[in-house]
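Listed below are the residues making up each chain.
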Amino acid sequence: MYCADTIVAPATPPGRGAVAIVRLSGPEAAAIARQLFQATSGPALRSRRLVHGRLVDDGRPIDEALCAFMPGPNSYTGEDTVEFQCHGSPLVVEQVVAAAMARGARAAGPGEFTRRAVLNGRMDLVQAEAVADLISATVAGGARQAWEQLQGALSGRLAELRSVIVEVLAEVEANVDFSDEELPEERLELRADRLAAVDAGLSALLEGFAVARRQREGHRVVFCGRPNVGKSSLVNALLGHGRMIVTAEAGTTRDSVEEGVDLGGMALVLVDTAGLRTATGEAETEAVERARRLAEDADIRILVVDRSVPLEDEDRETAGLCAAGPSLLVVNKCDLPATLTDDQTAALAGSCQVMMTSAIDGRGTDELAAALIGLAGQASEQDTVVVSRARHRSAIERARLCLGQAFDLASGPAAHELVALELREAAHELSGITEVLDNEEVLDRIFSEFCIGK
Ligand code: GDP
């Protein structure tokens, strides 16, 4: 059992509300709570029962409240935990926290309750990260993903794959005194097959990384095209069709404007590359280069052209960018007399779907929204076990490198010790995703993202 002092913090967000919760956890939680809470009848603390009474500081009443006592080790933190439900007044909350601190509790740091839960074995690191993800989710897909992870979907998958590595490792170690030539052929083949299966499992998890990001942050839809074709106007028209999502993080791309929107339950990030507009020839090439990078990173690309003016090389160049994955060709300004012919449009579109729109009178924008929802839906079909964080991804990549080394070594004249070393390293990398190994830094990094009181 991780042994610590007693911490206190509001568990509800700052500000006024109907109810606020103040949480205490640690060896002195019960003793402190008994000094602060007078039950209307009976004992102040009853295990896993909600008790009515009032909060007092040296006999002076602070508020009417409910008190819940969750004794360790079966509490969120694994320690004795007490929660007071008082009125949602910042002043009351402040007084309760101060009264607890005057009796020996310390103000909790960000995520300290969850950190204790991890250190006491109540959840693993991946589940703790899922708690933070669930709290900060802005779209339903992200919340669902965090929930799956909190239930142990990823942890379980990693444990399965790791256990196969450990089995093979045990076998290799048992044979340290023999050379591979002395082992029966089929045993060696079986060993190789098992490691290949682990590698395939890890690789499948990595493939889920992009899917996870899309679910959590939304599908990135990048609008490309020449200046003035109507990209910003189309983005605005689409934003008008959906519910705006307040994204947890500000847009990371300097050269573009990003807006999160929920279109028909599908989270999309609309990326307007209008900022790419430049004047001189040389700089234009650079603008196309930047658009290329945005288009490559996109989940869905939309090439916008203006039907009322002739095509230019830049339109064809941008069409080339859209070959990178799911794309739509939007022929805009259909309210104006047409200059582009159907043949020209078809040649530009290649195999991607063509939408005719006018951002000014709104025609075709419903169809554009529907097409986007369709493309995003196709990209969302996936396994529920996904790798959601860069930390998991890099550990899995390192584990795969070690597995690859073990594989190569095992097929050569190398000593069993070297193979075992690589396998041990691979297993260690996978353990580090869920377990606190020897690295406080990882813990600090994970919990720095948490809010106080969680
Ligand atoms: P962007 O540079 O590609 O982002 O284009 P904007 O959205 O800024 O539009 C450039 C100009 O074209 C603005 O004056 C818009 O009002 C106009 N515009 C955009 N879409 C349409 C359209 O469908 N029809 C017409 N007639 N004008 C449009």
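Keep in mind it's a predicted model, so treat the numbers as computed, not measured.

### Some details on the side chain of Glu-171
Among the secondary structure elements, Glu-171 is positioned in helix 6 (residues 153–174). Under the relative-accessibility criterion, Glu-171 is labelled buried at 17%. The contact partners of Glu-171, leaving out residues within four places of it in the chain, are Arg-187, Arg-191 and Arg-194.

### Regarding unusual backbone geometry
Most peptide bonds adopt trans geometry, and most residues besides glycine take a negative phi value. With an omega of 0°, the peptide bond running from Gly-72 to Pro-73 counts as cis. Here Pro-73 shows up in the loop between strand 5 (60–70) and strand 6 (81–88). In this model, Asp-58 sits at a positive phi of 55°, which is unusual for a non-glycine residue. Under the relative-accessibility criterion, Asp-58 is labelled exposed at 70%. Not every positive phi belongs to a glycine, and Asn-228 is a case in point at roughly 75°. Tracing the backbone through its elements, the reader meets Asn-228 in the loop between strand 8 (219–224) and helix 8 (231–241).

### Examining the pattern of salt bridges
Taken as a whole, this structure holds 26 salt bridges when the rule is applied. Among the ionic pairs, Glu-167 bridges to Arg-194, the shortest N-O distance being 3.2 Å. Within this pair, whereas Glu-167 is found in helix 6, its partner Arg-194 is found in helix 7 (residues 185–217), the two being separated by 27 residues in sequence. The partner of Arg-363 in a salt bridge is Asp-361, with the nearest N and O atoms 2.8 Å apart. By relative accessible area, Arg-363 is classed as partly exposed at 40%. Of the residues examined, Asp-361 reaches a relative accessible area of 42% and is grouped as partly exposed. A cluster of three or more residues bridged by salt bridges with shared partners is formed by Asp-5, Glu-79, Arg-106, Glu-112 and Arg-116.

What counts and what doesn't
- Residues numbered from 1 in each chain as written.
- Predicted model: local features only at pLDDT ≥ 70, side-chain atom pairs only at ≥ 80, totals over all residues.
- Heavy atoms only, no water.
- Helix = DSSP H or I, 4+ residues; strand = E, 2+ residues; numbered from the N terminus.
- Buried < 20%, exposed > 50% of the residue type's maximum accessible area, 1.4 Å probe, protein only.
- Contact = heavy atoms within 4.5 Å.
- Salt bridge = Lys/Arg side-chain N within 4 Å of Asp/Glu carboxyl O.

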